[in-house]
Each structure stands twice: as C-alpha cells, then as structure tokens.
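Residue-level listing of the chains:
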Amino acid sequence: MTFKSLFSAVSLALLLGTASASAQQISIGHLEDLSGGTSDVGTPYGQAVADTFAWINKNGGIGGKQLSVDSNDYGYQVPRAIALYKKWSAPDNKVAAIMGWGTADTEALTGFLAQDKIPDMSGSYAAALTDPEGVSGKAKPAPYNFFYGPTYSDALRAMLMWAADDWKAKGKPGKPKFVHMGANHPYPNAPKAAGEALATELGFEVLPPLVFALAPGDYSAQCLSLKNSGANYAYLGNTAASNISVMKACKAAGVDVQFLGNVWGMDENGAKTAGDAADGIVFPLRTSVAWGGDAPGMKTVMEISKMSDPTGKVYRPVHYIAAVCSAMYMKEALDWAAKNGGATGDNVAKGFYQKKDWVPAGMEGVCNPSTWTEKDHRGTMKVDLYRAKVSGATDGNLNDLMAKGTIKLEKVKTVELPRKPEWFGW
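Worth saying up front: this structure is predicted, and the values here are computed from it rather than measured.

## A short note on the packing of helix α11 (residues 298–305) against helix α12 (residues 318–339)
Running from N to C, α11 and α12 point in directions that differ by 95°, and their axes come no closer than 11 Å. The angle between α11 and α12 places the two elements in the roughly perpendicular class. Each of M298, T300, V301, I304 and S305 in α11 lies in contact with α12, whose residues at this interface are Y320, I321, V324 and M328.

See the structure below:
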C-alpha cells in the first residue's frame, strides 16, 4: 500500500468514526445568559438546563443515544444568538432542538425556526410566541416556539385581577392607579399593552409608564416619580437585579405601593439581596412547589441538582426548578420523536402535541400540567400567585434563611384564566 492510499484509508476511517459517533448522539443547542442584563436569573436557569441534560445522559440518554449539548453564554445579545443559531442550523450539524432564553433573541429567531423546523423551548414567555399559525394577527406565526408556564401577559392579567379584588377588600375609595415599570426593551414591554388594556377594563386608572434600565442602578428619580404619581399597584417588568434597586430606593423614599413582579422579577436570591424592601411583592410561580417542597418529583429535582452540586447543600431558587421542568418536557418530546421516525426537529415539535394536562415522568407535584396543541402554544392558563415575606435580617446562608422562615414564599391565589380569543397572541 502506498503512503497516499494509506493516508486516504486512515482519513476515511477517521471520517467514518466521526460520522458514527455523531450518529450515536442527538445535538441540542443551549442559549444561556451568564454575563448579560438578565444573568441574575439566567445563571440558575442555565445551570438547571445543563444539569438536567447531564442527568438524562447519565440515565441512558434518549433512545440509547447521548445528548450532545452545546451550551453558550451569549450575554443577552441578539447578534450573538443569531450567530449561534447559524451554527446550529447548518445542514452538517443541525440540532434536534434548542433550549433558548430571551425575548428579543427568541422573537428574532422565530421565522428561522419555522423555516428550518427546529423547536425552541425558550425562557421567554412573550405571548407573541404562542400563536403557531399566526391567526391572531398580533405577531408572525411561531409554530416551533414553546415555553413552560403562563405568558407574561396572562401572568400580569392574573395579578391585575388579584389587585382589583385586593383594592375592594381593603375598602379603598376611588379608582386604584396602575403603572407599568421596566426597561424600554422587548422583554419588559411584552405584556405592557395587554396589562394596560385589562387594567382599564377592571377600573384602574392607568398611569404613564416609568422606565428603568435592565441593569441595577440608582433609581431614586423613578421612585420620586412613582411617589408623586400616587400609584397603588406597580408592575416591575425587569429581572430581579434591577427590580431590587427600585424596591430599595422606593423603600428609602417612603413610597407606599404594592409591587407586582413578573415571573423573573423576584426569587429567593432576590429577596435575600433586597431584604425588607422585597417584603410583600406579589409575583407568579411556574412550579407547584419551591426547593425542598413536599412533592414526589422533588426527589428527581434533588438528583438532577447533584450533577453540579454533589454535596446537595446548594439552595436552588424557583428559576432552577422551572428550568428542570422545561428541560424535562423537552426530554419527553425527544423521547417520542426517537420512537416515531427519529429525533429530528419536526418530530420533536410533534412530540409536544402528544399529551394533554401533561407532567413529565418523575416530576409529579413539581411541574404544573401543561398542554400544547398545533393551534395554541399557551401551555397553561393557570397562574399561581405568591408573596415574598421577609421578617428579619437576610445576611447569611439562603438555606438557613428559608429553613428559619426569615424568607418565605407564601401562596396568595390561583387564577384560572379563560382562553379568550381576543387575548391570544398578546
């Protein structure tokens, strides 16, 4: 054999070996924000996605194949997300699915996902992503977009319904005043029109919105404006880090207002950092229990957590648990696809339509039942509202603070929203 033919044979063997290894894996793209404007909540969420897929691989993978997960910190920057998508959608390395993140980047990718038939389970709950056929006329069709939990708009609607009842229960005179607060950015703005429309319908006086950046900062001026406006209920549309700055500044300024947080707007870490400034904020929870809660599925969550914390001592916030649910829904869609023609993007998307009121196996009592159909990607219309309670100093270990009850997440109400056609897509 000549050197040339030997070289060709070795090259062919390497090529076949690579192709064989690739055929034994299922590729997944994973977008996470560990350093950008939403990294405070993006970090525990991203860790949970990585842990869940590592746990799935440890327990046999999908149909005997391992998941090859390409996790990337894109710093909450749309151009970086698009560049990663180009890599993941390339014909020679096309992923079966994507675990996505932000609203701006998810909306920017929606058309590409549909064209390339790649499902994206995002951390954005913008209502514009829930209309697979585009029949609502509110946004372009989003047939390959999925997420776990109520939309930002539906969560805000539920909080406004609670606020209207709260105002009446307190016997306050006149119209309550509502204000939308957050960065001028697709994520905080996603539920703005829906919230203001329902607030008006419910009898609120809707005040001009107050803008504050996604990054923590000095928001004394916004708190002075909030105080002067006489607002009774204020929706915080940013993630916890910048919301904490607002709550602390408003506490110092003596602002008397009921804050309503979006789903990323508060968690246990946020309450620890904000201290008594977080006491009383009402916000939605996507899971039935928090860390260590009494549910059969918490055992699975604890096992998944050990993939990055073998000690089992790290307290995981609500966003971690919600991400485990999201990744486990993706796992079952992948399982179905593997048994029904292979784990291609198109089949994985179909996997989400196979069950009704569905909780992933092993997650009983943790994930709220969800249903996605080919015509409606609103997985649930149920919104669980919680209140953060802070009753003392919050320095120290989060596990201890939660165990002692210094920080509590108290259930306020469950709101079952109707699937009103006029609410679809916004």
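## Structural notes on the layout of surface pockets
In this model, the second largest pocket occupies a volume close to 220 Å³. Surrounding the second largest pocket, 14 residues form its lining, K251, V257, F259, A277 and D279 being those nearest its centre. Elements with a contribution of two residues or more to the lining of the second largest pocket: α9 (240–252) and β10 (258–261). Element by element, the count of residues in the lining of the second largest pocket is highest for α9, at three residues. Tallied by class, residues from the lining of the second largest pocket come to eight nonpolar, two polar and four charged.

## Side note on the nonpolar core
Ranked by internal contacts, the top residues of the largest apolar core, which has 106 residues, are L226, F259, F352 and V366. No other element matches α12, which puts 13 residues into this core. With sequence-adjacent residues up to four places away left out, L226 is seen in contact with V179, M181, L210, A231, A234, C250, V255, V257 and F259. With 23 residues, the next largest nonpolar core counts A155, A163, Y233 and L385 among its residues.

## Overview of the state of the cysteines
Per the stated rule, a full pass over the model turns up two disulfides. Linked covalently through their sulfurs, C223 and C250 form a disulfide whose S-S length is 2.1 Å. Between C223 and C250, the disulfide has an S-S torsion of -95° and is therefore left-handed. Here C223, found in helix α8 (residues 220–229), pairs with C250, found in helix α9; they are 27 residues apart in sequence, far enough to count as distant. With respect to class, C223 is no different from C250; both count as buried. The side chain of C325 participates in a disulfide bridge whose partner is C367; the two sulfur atoms lie 2.1 Å from each other. Residues C325 and C367 are joined through a disulfide that is left-handed, its torsion about the S-S bond being -100°. Here the residue C325 occupies a position in helix α12, and C367 occupies one in the loop between α13 (345–351) and β12 (382–390), the gap between them amounting to 42 residues. Along the chain, the cysteines that take part in disulfide bonds pair up as 1-2, 3-4, counted in sequence order.

## Some words on the side chain of R316
Here R316 shows up in the loop between α11 and α12. Among the polar contacts made by the side chain of R316, one reaches the side chain of S308 at a distance of 2.9 Å. Ignoring any residue separated from it by four or fewer positions in sequence, one finds R316 in contact with Q47, D51, E268, W291, S305, S308, D309 and I321.

## Focus: the environment of A333
Residue placement: A333 occurs in helix α12. Exposure remark for A333: the relative accessible area of 0% places this residue in the buried category. The sequence separation of A333 and V135 amounts to 198 residues, and the corresponding C-alpha distance is 25 Å.

## A word on the confidence of the model for the chain
Of all residues in the chain, 95% attain a pLDDT of 70 or more, and the chain-wide mean is 95. Counting contacts from residues 9–21, a segment whose pLDDT is below 50, to residues more than four positions away or on other chains yields zero contacts.

## A look at unusual backbone geometry
Unlike most non-glycine residues, Y76 shows phi in positive territory, near 60°. Assessed through its relative accessible area of 13%, Y76 is described here as buried. The phi torsion at D357 lies on the positive side, around 40°, for a residue other than glycine. Position of D357 relative to the elements: it lies in the loop between α13 and β12.

## Looking at the packing of helix α2 (residues 39–58) against α12
Where α2 contacts α12, the two axes come as close as 8 Å, and the packing angle between them is 40°. Classified by the angle their axes make, α2 and α12 are oblique. Regarding α2 and α12, the two cross each other, and that crossing is right-handed. From α2, V41, P44, Y45, Q47, A48, V49, D51, T52, F53, W55 and I56 reach across to α12, where they touch H319, Y320, A323, V324, S326, A327, M328, M330 and K331. When the residues that make up the contact of α2 with α12 are grouped by side-chain class, the tally is 14 nonpolar, four polar and two charged.

## Description of helix α7 (residues 192–201)
For α7, the full list of buried residues reads A194, G195, E196, L198 and A199. Check the buried side of α7 and you find it contacts α5 (152–169), β6 (177–182) and β7 (205–206). Among the residues trailing α7, G203 stands out with phi positive, at a value near 95°.

## Topic: empty space enclosed by the protein
Inspection of every chain in the model, using the stated rule, returns one cavity of 30 Å³ or more. Taken as a whole, the largest cavity encloses approximately 60 Å³ of empty space. In terms of lining, the largest cavity is formed by T38, V41, Y76, W101, G102, T103, G123, Y152, Y187, T239 and W264. Residue composition of the lining of the largest cavity, grouped by class: six nonpolar, five polar and no charged.

## What to know about the pairing of β6
Taking burial as the measure, the six residues of β6 include five buried ones, the bulk of the element. With two bridges joining them, β6 and β7 adopt parallel strand pairing. Considered in β7, the bridge of F178 is made with V206. Sheet topology places β6 next to strand β8 (residues 210–211); two bridges connect them, and they run parallel. Across the sheet, the residue bridging to M181 is L210, located in β8.

So, how was this worked out
Residues numbered from 1 in each chain as written. Predicted model: local features only at pLDDT ≥ 70, side-chain atom pairs only at ≥ 80, totals over all residues. Heavy atoms only, no water. Axes fitted to C-alpha atoms, helices over the stretch in contact; angles between N-to-C directions. Helix = DSSP H or I, 4+ residues; strand = E, 2+ residues; numbered from the N terminus. Parallel < 35°, antiparallel > 145°, perpendicular 65-115°, else oblique. Contact = heavy atoms within 4.5 Å. 1 Å grid on protein atoms, 1.4 Å probe; cavity = no way out; pocket = protein on both sides within 12 Å on 5 of 7 lines; lining within 4 Å. Points joined across faces, edges and corners; volume = space filled by probe spheres on them. Nonpolar A, V, L, I, M, F, W, Y, C, P; charged D, E, K, R; others polar. Core = buried A, V, L, I, M, F, W, Y, C linked by side-chain atoms within 4.5 Å. Buried < 20%, exposed > 50% of the residue type's maximum accessible area, 1.4 Å probe, protein only. Disulfide = S-S within 2.5 Å. Polar contact = N/O pair within 3.5 Å; in protein donor to acceptor, adjacent residues only side chain to side chain. pLDDT = per-residue confidence, 0-100. Left-handed = near helix turned anticlockwise from the far one by under 90°. Pairing = 2+ DSSP bridges.

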